[in-house]
Amino acid sequence: MAEVTMPTYSAPASPSLLDHPLHARWSVPLLVSLALFPVLAQALGEPFYIGVASRILIFALAATSLNLILGFGGMVSFGHAAFVGVGAYAVGILMQEGVASAWVAWPAAMVAGGLFALLIGLISLRTQGVYFIMITLAFAQMLFYLMVSLKAYGGEDGLSLPSRSQIGAWLDLSDDARFYYVVLALCVLVFLLLARLLNARFGHVLQGIRENETRMAALGFPVYRHKLAAFTLAGAIGGLAGALLANQANFVSPALLQWSQSGMLMVMVILGGVGRLYGGFVGAAVFLLIEEVLAAHTMHWQFGLGAVLLLVVLVAPNGLLSLWPAKARQP
């Protein structure tokens, strides 16, 4: 019997089209600006915007997790909000049962999101195209109606959290500035992880599958296994975003699981740039800032938001990051 060997792969010595560096030239100043934002907001007497910034970072995390499978894996999931909702409910249910420690609840949210993604992926990844979209949407809606029916956990009225999760006596997350810094630190860690992953063998293979799944399978790469691993990781990161979102709002609602939330995350990714490392971050920031500005001036802000998004798509069909000069994107 002939011995079956896995295809050999070696990463290119120089950056290629499959590499996605962090671009330290401008990402470091951005990080410094984000770190100084709470200080500036408090100095200007506008602490409200610290909460807004925290929400942007959390949705950037959720959109980035979707971008991992949509932009880099070519998997158009219309049920990604389910993972965010699972993470949020994991924190809410544990807190209702008396478990308020973030060291327990947040990892539990990631495990719950990852396991749910694994179960969905085991079934949905055996299909392609519109069938994959509909299966992911169906699972998300099933979970939505399940949480609506569970009156013990608030049902359609949602579940209020008495307080934010507890990290320790040395760090009180009830303070918005401290919570912001925790969210920022987690976002940085996730971006570092994804950058390392996408620039490694796994990320290159995943992007190859996105471009031509049949050819990658013919070369001997385990296509299904790579897609399932990426799908599960995206679910775990989405669960973390849900845990942070529950803490930020002190409230969990079945609305987090609706298909419209998945659509919003997809719009964020498309707006920032599909298949770009910072696409989810830029898309979430622009989307939520436009929403915040328009909502402050008119009750019909959805119409204005739609018009602005349409304009952006017409001007930059590949996302806002496509307007950034190629030379400026060099590390």
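Draft legend 1. Fine view of the overall build of the chain. What the chain contains, in helices and strands, is 12 helices and 2 strands. When its helices and strands are written in sequence order, the chain yields α-α-α-α-α-β-α-α-α-α-β-α-α-α. Relative to the compact-globule value of 20 Å for 331 residues, the chain shows a C-alpha radius of gyration of 20 Å, a close match. For the chain, with 331 residues in total, the buried portion stands at 48%. Summed over all atoms, the accessible surface of the chain reaches about 16100 Å², with 68% contributed by carbon and sulfur.

Draft legend 2. Representation of the packing of aromatic side chains. This model, assessed by the stated rule, comprises 9 aromatic pairs. Pairing Phe 48 with Tyr 49 gives two aromatic rings, centres 5.3 Å apart and planes at 75°, and the pair type is edge-to-face. Among the residues examined, Tyr 49 registers a relative accessible area of 40% and is labelled partly exposed. Relative to Phe 281, the ring of Phe 191 has its centre 6.5 Å away and its plane inclined at 85°; by these criteria the two rings are edge-to-face. Taken as a pair, Phe 191 in helix 6 (residues 176–198) and Phe 281 in helix 11 (residues 279–295) lie far apart in primary sequence, 90 residues in all. The buried category is assigned to Phe 191, whose relative accessible area is 9%. Members of the aromatic cluster, each reached through a chain of ring pairs, are Phe 83, Phe 116, Phe 132 and Phe 231.

Draft legend 3. Seen up close, the pattern of salt bridges. This model, assessed by the stated rule, comprises 3 salt bridges. For the salt bridge of Asp 176 with Arg 164, the shortest nitrogen-to-oxygen distance reads 3.1 Å. Taken together, the residues span a long stretch of sequence, with Asp 176 in helix 6 and Arg 164 in the loop between strand 1 (159–160) and helix 6 at a distance of 12 residues. A relative accessible area of 35% places Asp 176 in the partly exposed class. A salt bridge links Lys 227 to Glu 213, with the shortest nitrogen-to-oxygen separation between them at 3.2 Å. Placement of the pair is Lys 227 in helix 9 (residues 223–249) and Glu 213 in helix 8 (residues 213–218), with a sequence separation of 14 residues.

Draft legend 4. Just the side chain of Thr 136, in detail. Its place among the elements puts Thr 136 in helix 5 (residues 129–149). Once you skip the residues sitting within four places of it in the chain, Thr 136 turns out to touch Val 76, Ser 77, Phe 78, Gly 79, Ile 120, Ser 124 and Phe 231.

Draft legend 5. The environment of Thr 232, seen in detail. In this structure, Thr 232 sits in helix 9. When the C-alpha atoms of Thr 232 and Leu 257 are compared, they prove to be 17 Å apart, with 25 residues separating the residues in sequence. With near-sequence residues (within four places) excluded, Thr 232 lies in contact with Gly 114, Ala 117 and Leu 118.

Draft legend 6. Up close: the side chain of Asn 247. Tracing the chain through its elements places Asn 247 in helix 9. Dropping the residues within four chain positions of it, Asn 247 is found in contact with Val 91, Trp 106, Arg 164, Ser 165 and Phe 179.

Draft legend 7. Summary view of the environment of Glu 292. Mapped onto the elements of the fold, Glu 292 is located in helix 11. Along the sequence, Glu 292 and Val 148 sit 144 residues apart, while their C-alpha atoms lie 28 Å from each other.

Draft legend 8. Structural context of the nonpolar core. Among the nonpolar cores identified, the biggest contains 97 residues, and Trp 106, Phe 231 and Met 268 are the most heavily contacted of them. Take this core: its biggest share by element is 15 residues, from helix 2 (residues 48–70). Setting aside residues up to four positions removed in sequence, Phe 231 forms contacts with Ile 69, Met 75, Ser 77, Phe 83, Ala 117, Ile 120, Gly 121, Leu 125, Phe 132 and Thr 136. If you look at the next biggest cluster of nonpolar residues, it comprises 5 residues, including Val 205, Ile 209, Phe 221 and Val 223.

Draft legend 9. Focus on the packing of helix 1 (residues 24–43) against helix 2. As a packed pair, helix 1 and helix 2 sit with axes 8 Å apart at the nearest point and diverge in direction by 155°. By the angle between their directions, the pair helix 1 and helix 2 is classed as roughly antiparallel. In this structure, helix 1 contributes Phe 37, Pro 38, Ala 41 and Gln 42 to the contact, and helix 2 contributes Tyr 49, Ile 50 and Ala 53. Considered class by class, the residues forming the contact of helix 1 with helix 2 number 6 nonpolar, 1 polar and no charged.

Draft legend 10. Quick peek at helix 2. Along its 23 residues, helix 2 runs 33 Å from first to last C-alpha, staying within 8% of the 33 Å computed at 1.5 Å per residue. With 20 of its 23 residues buried, helix 2 lies for the most part within the structure.

Draft legend 11. Representation of unusual backbone geometry in the model. Here the phi dihedral of Asn 250 falls at roughly 55°; this positive angle occurs in a residue that is not glycine. When you line up the elements, Asn 250 lands in the loop between helix 9 and strand 2 (251–252).

The rules behind the values
- Residues numbered from 1 in each chain as written.
- Predicted model: local features only at pLDDT ≥ 70, side-chain atom pairs only at ≥ 80, totals over all residues.
- Heavy atoms only, no water.
- Helix = DSSP H or I, 4+ residues; strand = E, 2+ residues; numbered from the N terminus.
- Rg over C-alpha atoms; globule rule 2.2 N^0.38 Å.
- Buried < 20%, exposed > 50% of the residue type's maximum accessible area, 1.4 Å probe, protein only.
- Areas by Shrake-Rupley, 256 points an atom, 1.4 Å probe, with all protein chains shown as cover.
- Phe/Tyr/Trp six-rings, centres within 6.5 Å; stacked < 30°, edge-to-face > 60°.
- Salt bridge = Lys/Arg side-chain N within 4 Å of Asp/Glu carboxyl O.
- Contact = heavy atoms within 4.5 Å.
- Core = buried A, V, L, I, M, F, W, Y, C linked by side-chain atoms within 4.5 Å.
- Axes fitted to C-alpha atoms, helices over the stretch in contact; angles between N-to-C directions.
- Parallel < 35°, antiparallel > 145°, perpendicular 65-115°, else oblique.
- Nonpolar A, V, L, I, M, F, W, Y, C, P; charged D, E, K, R; others polar.
- Expected span 1.5 Å × (residues − 1).

So yeah, pure geometry; function would need other evidence.
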